Structure formats: C-alpha cells, structure tokens
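One letter stands for each residue in the lines below.
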Amino acid sequence: MRQTNGERIFSVFNYFLMAFLCFVMLYPLWHVAMSSISDPVRLFTERGIRLLPIGDLTLKGYELVFQNPNVATGFMNTAYYVAVRTILSMVITVMAAYVLSRKGPYWNTAISKFIIFTMYFQGGLIPFFLMVRAMGLMNNRWAIILPVLVSTWNLIIMRTAFAGIPESLIESAKIDGASDFRIVWTIVVPVAQATVAVIGLFYAVTMWNTWFNPSIFLTDRALWPMQLILREILLEHAAVTSAQSGVAGVTEQPMYRMLLQYSTIMVATVPILLIYPFLQKYFISGVMIGSIKG
Amino acid sequence: MAFLNSKSSSYQFQTVNANLKEPWLKKVSIDWKKYWPLYLMALPAILFYLVWLYGPMWGSLIAFQDFSIRHGFLGSPFVGLDNFVKFFESPFAFRVIRNTVMINFWNLVFGFTLPIIFALLLNEIRNKYFKRVVQTITYMPYFIAVIVVAGLLVNFTSSDGIFSDIIEFFGGTPSNLLAQPELFRTIFVGSEIWQFLGWNSIIFLAALAAVNTELYEAAIIDGAGKLKQIYHVTIPGIMPTIVILLILQVGSIMSLGFEKIILLYNPLTYETGDVISSFVFRRGIENAEFGFSAAVGFFNSAVNFAMVIIANRISAKLTETSLW
Amino acid sequence: MEGLHESYFFKELEARTGVRTEFVYPPVGEAEANFTMRIAAHDLPHIFVTPPPYPGGEWQGVVDEIYLELTPYYERGLMPNFSWMRNNHHLFAEEIYRDTMDDEGRIFFWPKVDVVPSHPWSGLWVRTDWLEDLGLEMPETIDDWTHMLRTMRDEKDVAPLAINIPLWYGVAYNYMFVSSFEAGYDWINKDGEVVFGPTLPGYRQWLELMNKWHAEGLIDPDFPARDFAGYNAHIAGGNIGAFGLAYGEIGPILTAGRAIDPDFSAEAVVMPTSYAGQVIRLRQNNAIVRGRGNREYFTTRLVDDGLDDIAVVWKDYWYSQDGGDLASYGPEGVSFRWLPDGEYEWIFPRLFDEAEGLDFWTIMPQFKVHNMGYLRDSTAYVFRPEVFQAIDTWATQSADWVMPDHLAFTPEEEEELAGIMIDIYTYRDEMTLRFIVGDEPITNFDDFVSTIEGMGLARAMEIMNASLDRYLARGR
C-alpha cells in the first residue's frame, strides 16, 4: 500500500510516541518488580528512579508471602470466584444488553431507566450488609458473587455495541427461523466479540481485585480470595492478625515492611496481567461483518 | 352520492377514533405477545436489580435521619435536612465542592479525550506484534496499587526528585511540587492519566475493531487520505461509544474517591486539593456519623443524577445516542 | 499459632482459672467495618478487644445494650482486684480511680493499667556523631538549637532539621518546640483551664521561630509532603541532623542509617527552653490508665449466655499481682525467670534463634499480652539502649499541661464539638504551614486567631472545660 510522505513521517512519529509511552507506563511495574528483590535495608532509604534492584538480591519478600498457609487457598478461591462470576455475569449481561438494544419492546425505556437510576442512588453499606445477611449468605461464597452479578456500566456499554450491529444480520436470521436466544449466541456475540471480550475482562478483573466484600462477609479464612490474604499479610506481616501487636506498626520487623509491600503487589498483579494478551486476538478489525454480509 | 359520502366519511372518522382510543392494555398485550422471549431473557438482570439494588435502597434515606446502627432504620428519628445543613454550614463546604468539580472537570477534558486519541493512534500501527506489546504494557499501570503510585509521585515531586531535576535542567529552581496548591490539580490529573490511559483506551479499541472495514474500502476508493478516513469513517463509527461514555463520565462529576487525594495532599494544598470525600473522611474518623456521610453522599448523587439527565437530553437532541 | 488463645500465656491462664477462650479476628485493617456490621446485626462476641470507637461515644454502647456495664458486678464484690487497684494502690490509686470510670461513676471497660508507668514515646533526637564532628554540645535552649542547626547546615551542607506537621507522630502534636513557648497545637490544660494552643501568643512566637528556621534553610524543604515512610527514609538517608520521632522507629532508622554511614548514632534530647529558668510543662505523655486502644469491653451476650459472672471474675484476675505478672512476663520458666536480685530475664527460646532473625515484638504474642486489659509492667519488653535513654531523657520534663486522656462527653457534646473542630483543625493545619513556609505573613496572626474564634471556638472551649471540670470532680 502506498503511503504518502506525510503518512510515513506520521508513522515514524507514532512508533516513537508509542515506545515512549511504553517506557513511562512500564516504569511503575518495573520499579515494583526491581524493588521486590532488593536488599530490604537499603530499600528503606533509597529513593528515586530504580532501574535495577538495589544491593543484594533477595527472595525474602516472596518467601514471606508464600510461607503464609493461606496464600494457596487464596489463589484457589480467587480462581473460583473469577471463573464463576465472569461466566454468570456475562450470560446475564449479554442477554439483558441484547434485549435493551432492540428498538421494539415497549418496556425497554422503562427498564433502562429502572437500571440506570441505581447508578446514582444506592442504599449504602449497612443496608447492603443487612440484605446479604437476610438472604442467609453470611460466610458463604455466593455472598461474593451474587450481589455484584451485573455492572450497570458494563451493561450499557454492551448495549451500545449490540445496538450497532446491522439490523439486516438479525433480520435474516429471524427469517431463517432462529429464536432470539439463538441469535444472541450465534450472531450477536461473535459480531461484537471485541466488546464482549472487553466486558468479560472487566468482570474478571474486578473480581480478581475484590477484597472488601469478602472482608465483611466471610469470616472463614478458608474462603478468602487472594487479594484479601495478601492485604492482610501486607498490613500485618505475620501469620496471625493484629490483635496482638497493638501500637500501630511500631516495630514489627519494619525492615521487611517495604519489601513485603512490593512482593505482595507483584503476586497480586502479575497473574492477571498475563491474561490480557490472550484476549487481544478478539480485537481484530471488523472482518466478520463484511464476510457475513456477502 | 350523499349516502356513499356519509358512509365513507363516517368510516374515516371511525378509523381515526380507533387510533386515538386504542386501549393501552391492548397495546401492552400485543407487545407482550411479540416480545415475551426478550423479556424473559432480561428477567435475570431485572431480578438482580430488584433484590440487590432496590432492596437496600431505603438506606439512601439515612441521609434524613439521626441514624443509630443499633436501632436501625425503623428505630432512628427523622431529622429532615439537618445533616445537610451540618455539611453546608462549614466555611469549607463550597471549597471542597469546587475542588471536586474542578478536578473531575479537568479529568474529563484530558482523561477522557486522551485515551480516544491514543486508541486512534494505536489503531494506525501496522506491526501487529508491536501493537500487542504496546497494548499490554500501557494497561499495566491500572493494576499498580494507589499506595505505590502515590509513593512514586511523592518521591518524584520532592525538591531532589526527578521532576525538579528536569526543571533545574531547563533553568528553573528545584522545589517540592506537592507543596504548591497551583500544581496539585495538574499533578493529580496527570497521575490519573498516567495510570488509566491504557485501561480506558481498551473500550475504544474494541469499538474501533467493530467498525466495518467495507466503509474504509469505500472511502479509499473515493480517494480519501488517512485523515479523511478517520474523520468520515472511524470517528462516526465509534461515536455512540464515545457519547455514552461521555454522558456517564459527566454523571460522575461529584464523585472523587479520597484514597489517592489523602496520599497526595497536605495542608498547604488544601486550597485546591481538599475534596468532598477527603473532608468528610477527616471529620468522620472518630465519629461514625452515618447520617452525615449519607447526606453528603445523597447530595453528590442528586447532583450527579441531574447532570446525567441534562447531558442525556442534550445528547438525544444533538446525536442519535442517549442513555434512555 | 492460629490465634492468641494458643499462646503460652493463655494456656497457663486456662490452667489456673479453668476458663477457655477463643479469639476471632476481623480482617486486618477492616476492624471498623466489621465492628459496625456486628453492631448492626447484633451479632456480638462475648468480649471486644480494642474495638474502634463506638458511634456516639463509649457510654452509648452501654445505652444501646451492646456493651455491658460492669458497675453492678463491681458493687457486688466480684472485682476485688480491680477494686484494690482503684482504692489501695500505694502510688496511683487516685488517678486509677478517676480514669477507670466516667463522670457518673460508672465502670464499663477493662483498661490496661501501667503500674510501672509508661513513658513518653515521642520526642526530639539529635545525631550525636554530628555533634562530635562539629564540636557541639547537646542543645538545651532555643538559641542552642538555632546555633546547632546553622552549624550543621554550613558544615554538612544540608537542611538539618526533619519535622512533620500535622500528623500524629509529628513535632506539633507532640509539643516539640511549641512547648518552649508555652503553647500547643491542640487543647492544653493550663492549670485546670482548657485553652486552645494555636490561639495563644506563644504560638505566634513558635511560628516565627519555625518561619525563621525555614527561611534560613534549616528545615527540610520537603517537609510538608513527606509521608511516614519517606520521613523515616530521609532521616536514615543521612542528611538530617535532628528530628522528632517516636522511639519505635529509631531501631530501623539506625539499622538502615548505619548501612550507609557506620557512624550514624542518635540520642534523645529534652525540649529546649526559650528563657532562663523556664519549666517545660508539655511533652508527649501516657496516662497510667491507657486509652481506648488498650481496652476491652464486655458485651451483653455474656448475660444472654449466662456467662457474665464467670467472665467478670476471670477478667478481674488479670488485675491481681499474679495475673498481671503473667500477662506482662508470660509463664515463669517458659518465657522468663527471676534473678536473685529481684530482676528478671527473658529466656523464651525463639528470642535467641539467630537463624529466624525475628525481633522481640514479633515473637512476644506467643507468651505475653500487649494490647489487652491488665495490670502491666510497661518495661517488660526488650528495648534498644537508645530507647531506654530516650525514655529516661524525655521523662525528666513534666507533662502537667497535657490534656487528660479520659475526658467524657455526651453524644450531643461530641457531635457539636466534632462539627466545630473539623473546620478549626482544617484551618489551623493549613494556616500553620502557610505561616511557616512564608506563604502567609506572620503579621496576619491576629486575623488567624479571630477567624478561629469566629468558627465557634468559644463554644468548643465551653464544652471542653465542662468536661474537664466533671473529670476533676470525679473522686472518692
């Protein structure tokens, strides 16, 4: 494909810009990674840009994390929560988004308003807590999954994407006798796969990061997700919790405090970072639409 | 003839009449017959909202109560607007509201537009491998905990930090940047962009992927260069996404979490950096005043909601897209 | 160890009393949310150990039938040790008596009582190796300080003083330098009358001093923005000659500092005087009866489960000589042993395990208790020598004007006070820093005072004074 001179200059500029952004964006994670294997004593005093680990390399930070017996169960729990939640949420959200993206149904506007209103007015923590309790979900895994099944924001975005699918595709399928349900899964989702993949990512990531709801609903540590375990490790730096240490963070092995902060972040973040590249293949340009139309 | 005329005219009259007076019930039942599979598909979501969002919604009324957690909603007295008055009485109320709105406003101007531009630019990268790498790296900052980002920022902005080094290089005097209220918003919004540019662009990249390639081909055939393609095909293609997200963002104008603010501000920058949530946080630390914080939350929600309604109406008039 | 109840202390306690206990922990950092939820759902444990503040004040907890009032049990004679401590302790009976009840004489919490008094944990420090290098003496007056800081600045080419305002560990809240001018950052108790420190003329003098030092480059220019870790790091980094610090942090700072400069050493120093013959009356202080972060509350669930009498007697044991010793030192022969001269030494094996490298504070939960209600020997810990020196040094000055820890307010008073003070505190924090860095000329000090007065200071003072009067009136 021939490029004009202007386009070529722009292209070069673009590549440089992207490379620069990459460096600036990569730096925080790099900083954390390097710090997580640095000498804890020097970590205490060294400030400034860090391109390499400081002092003697140590894996003590990771040791401290993994020697906690709850970390393994934490990971398993998180895997469970993320998988179950993403699947359920996607099914419900996709269906609802499809319905709301159709122009026909009389009640759609009312339902949309009904849903959007909740983005602005909520009950707050205590009523929410009492609700979970009333449903008998205390100390139950479903307390983490059910109350957050649908995110209005995600629903709206998906609705927008579905509304953008050419009517003709759906019409022709209907003529062929397909039910709405089938249409959703065989046509709508594949055509809007980029957005669907992204929303799936959003649901998965929010579940990955969740720690607050588990902290108020799950008393049994065997049910805790990894983020909460890590948070506890970080805030406490002991296998047993704070009731015994008293005076806030005064001398609890503060040498390792900073190191631990970095290693817990690495453990909490790196796994999820590895997922994104797998989703990128869904972001290919709209080849689908063209081919189906033909 | 008269007989025919009168008959035809009365027929017309009858038809018009029928349209006006067609019972709403009939319309609804036709709608139901036609669309019941759709309503069924939407049912799980509707139930979800009913139970988990409308169920607890009575809590927003705590704003009007002298709430005691011991006695709960039914046992706590209503005090009308007292809690709201308590907030607005403070000489700092206006300031924290202003700061909240200003920071969110700049965040909207830059934090909303830059991811779009970034997505457009990234879309133009031909090398698939490079593109993927850039995508992955740029969304990493999203995952870094606020504490770390704030720590880095405090570090960089100190008088011996890297920003001061750069300033000195260009002939200025090094100083602590977080001690200067004029700079707080810039630093704060800048760090938000740094952290969220990649993540926020994901949704636009997805929208870009959905633009029909045939439209591009048609444009090229018509002799359109890159810029014209972007103007006539790309942007209109992702416009619904942009508009919806913009409306939603406008609806967050009063919402600004305190976590990052608390980590970055200090009394010297209260003038520009103290926002509603940080102010309430400082007040509420020892007091657990539920009614008060509920009132502030209610006020925020009400303003946000009003903004969304306005934005939605404008959008519905100007473009074809709207939230409802 | 799964929970505290498995420690040697609790095992021994169970052996002696026949009562088993179990601990349940909220997630670290989420104690407040957890506490609130439990109250909302009326899902109570038998005892709350160091709970967050109860909404509406601690007495409200009793009114709400969450906390259990102990006065009836006390009057029935079920708390003999607690009673002895309040009435017969040879040194501190009066103070203990006053601080274990509220204004109406009601008892409803189990506090930690330091019969070997607890010491100030925060104050001023100076780099003694720098003093040696520069041929300086430990500063005693404000002028000494000015001279010392200037010398440090000139010879070491740094801004030598590290301070923090307005955080809890900072110099202002802990009366450093501001005590030299007989003012304070918050309320002070000037001989029975409560005044607000920042409105006193001495506060202006303090601001002038800090402003002068700041202008001369004697104070760390980044001081407004340094966070907790950054502050410690800066000190350890070696560019600071004097600083305000809590003694708990000196350990890591010395370790880290010596990794860079092996000569790094610091010692605590008393508050300087601003005129000859001045008696300093303000310093960080801990009362004999410790505050909310060191208390336990019984709940009404004990009554529901029929365990209230047992629990009271059981808890009272912690205030006996034997019980208190057990809590302070752990079981004899396991964690410590008596020496012939009446002293004691630690013998718990894990403390000496070099390979583990754990310090006393991390290991001690295994055999003694720290933040619970009991009769405590507050020196029953392993401290670095610097810490002992700091404690002894700072304790030589009096804390007469420090507000008592245990004032009580009605919920209405508390609410009113909170509403007034949030604005005053915000304004004070902001203006103090502005005065110090020079963004605001000190000539505006009078406007500063009148603005504070306009925010309702008089009413706040009224409330505070009423509370102090009630407090002082508690007596036998």
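Everything below is about the structure printed above this text.
Here the structure is a predicted model, which is why all the values come from computation and not from measurement. The residue numbering used here restarts from 1 in each chain and proceeds along that chain's sequence as written. Chains and ligands are labelled sequentially in the order written, the chains with letters from A and the ligands with numbers from 1. In keeping with the predicted nature of the model, local features appear solely for residues at pLDDT of at least 70, side-chain atom pairs appear and are counted solely at 80 or more, and the whole-chain, interface and lining totals rest on all residues. As a convention, hydrogens and water are excluded, and side-chain values are obtained from all of the structure's heavy atoms.

> Explain a nonpolar patch on the surface to me, please; I cannot follow it from the model alone.
To count toward a patch, a residue needs a relative accessible area over 30% and no salt bridge; like charges are then connected within 9 Å, while nonpolar side chains (Val, Leu, Ile, Met, Phe, Trp, Tyr) are connected within 5 Å. With residues, only the protein chains shown are counted as cover, and all accessible areas are computed by Shrake-Rupley using a 1.4 Å probe. For this analysis, a salt bridge means a side-chain nitrogen from Lys or Arg found within 4 Å of a carboxyl oxygen belonging to Asp or Glu. A contiguous nonpolar surface patch, about 620 Å² in accessible area, is contributed by B:W32, B:W36, B:L40, B:L43, B:L47 and B:L50. Helix and strand labels come from DSSP, where a helix needs a run of H or I of at least four residues and a strand needs a run of E of at least two; each type is numbered from the N terminus. Structurally, B:W32 can be placed in helix α2 (residues 24-54).

> Hey, could you run me through the packing of aromatic side chains in this one?
Each aromatic ring pair is described using two quantities: the centre-to-centre distance and the angle formed by the ring planes. All names here are of chain C. Aromatic pairs are defined between Phe, Tyr and Trp rings, using the six-membered ring for Trp, whenever the two ring centres lie within 6.5 Å; interplanar angles under 30 degrees are classed as stacked, those over 60 as edge-to-face, and all others as tilted. One pass over the full model with this rule turns up 89 aromatic pairs over all chains. On the basis of an interplanar angle of 80° and a centroid distance of 4.9 Å, the ring pair of F9 and F10 is categorised as edge-to-face. Here F9 matches F10 in class, with each residue buried. Where F10 meets W318, the ring centres are 5.9 Å apart and the plane angle is 65°; that geometry is what we call edge-to-face. Here the residue F10 occupies a position in helix α1 (residues 8-17), and W318 occupies one in the loop between α13 (308-316) and α14 (321-329), the gap between them amounting to 308 residues. In this structure, F10 and W318 share a single accessibility class: buried. An aromatic cluster of at least three residues, connected via ring pairs, comprises Y8, Y329, F336, W338, Y344, W346, F348 and F367. In this scheme, a residue with accessible area under 20% of its type's maximum is buried, one over 50% is exposed, and one in between is partly exposed, where area comes from a 1.4 Å probe on protein chains only.

> How should the interface of chain B and chain A be read in this particular structure?
One frequently used descriptor of interface size is the decrease in accessible area upon assembly of the parts. Note on definitions: a residue-residue contact is assigned when non-hydrogen atoms from the two residues lie within 4.5 Å. Each side of the interface is counted separately: chain B has 86 residues, and chain A has 90 residues. Here chain B meets chain A over a buried area of about 8,100 Å², counting both sides, of which 78% is carbon and sulfur. One can count zero salt bridges joining chain B with chain A. Polar contacts, as counted here, are pairs of nitrogen or oxygen atoms within 3.5 Å of one another; within protein the pair requires one atom able to donate a hydrogen and one able to accept it, and residues that are adjacent in sequence qualify only if both atoms are side-chain atoms. Along the contact surface separating chain B from chain A lie 13 residue pairs in polar contact (both at pLDDT 80 or more). For the side of chain B that touches chain A, the secondary structure elements donating two or more residues are α2, α5 (93-123), α6 (128-138), α7 (146-157), α9 (181-209), α10 (213-221), α11 (226-250) and α15 (290-318) of chain B. Take the side of chain B that touches chain A: its biggest share by element is 20 residues, from α2(B). Put simply, Ala, Val, Leu, Ile, Met, Phe, Trp, Tyr, Cys and Pro go in the nonpolar bin, Asp, Glu, Lys and Arg in the charged bin, and everything else, Gly too, in the polar bin. Here the side of chain B that touches chain A is composed, by residue class, of 64 nonpolar, 15 polar and seven charged. Once two parts are put together, the accessible area they lose, assessed with a 1.4 Å probe and summed over both, is termed the buried area.

> I would appreciate a short explanation of the pairing of strand β10 (residues 295-298) of chain C in the present structure.
It is a general feature of regular strands that their side chains alternate between the two faces of the sheet. All names here are of chain C. Side chains R295 and Y297 of β10 all project onto a buried face; the interleaved residues E296 and F298 project onto the opposite face, where all are buried too. Strand direction decides the pairing type here: strand β2 (residues 110-111) and β10, joined by two bridges, are antiparallel. Residue pairing for β10: W110 is matched across the bridge by E296. Pairing between strands is defined by DSSP: at least two bridges between them are needed.

> In this structure, what is going on with the pattern of salt bridges? I would like to understand it.
When the charged atoms of two side chains with opposite charge come close together, those side chains can pair. Residue and element names in this part refer to chain C. Across all of its chains, the model carries 38 salt bridges over all chains by this definition. A salt bridge links E14 to R20, with the nearest nitrogen and oxygen atoms 3.9 Å apart. Between K315 and E296 there is a salt bridge; the shortest N-O distance is 2.6 Å. In this pair, K315 sits in helix α13 while E296 sits in strand β10, placing the two residues 19 residues apart along the sequence.

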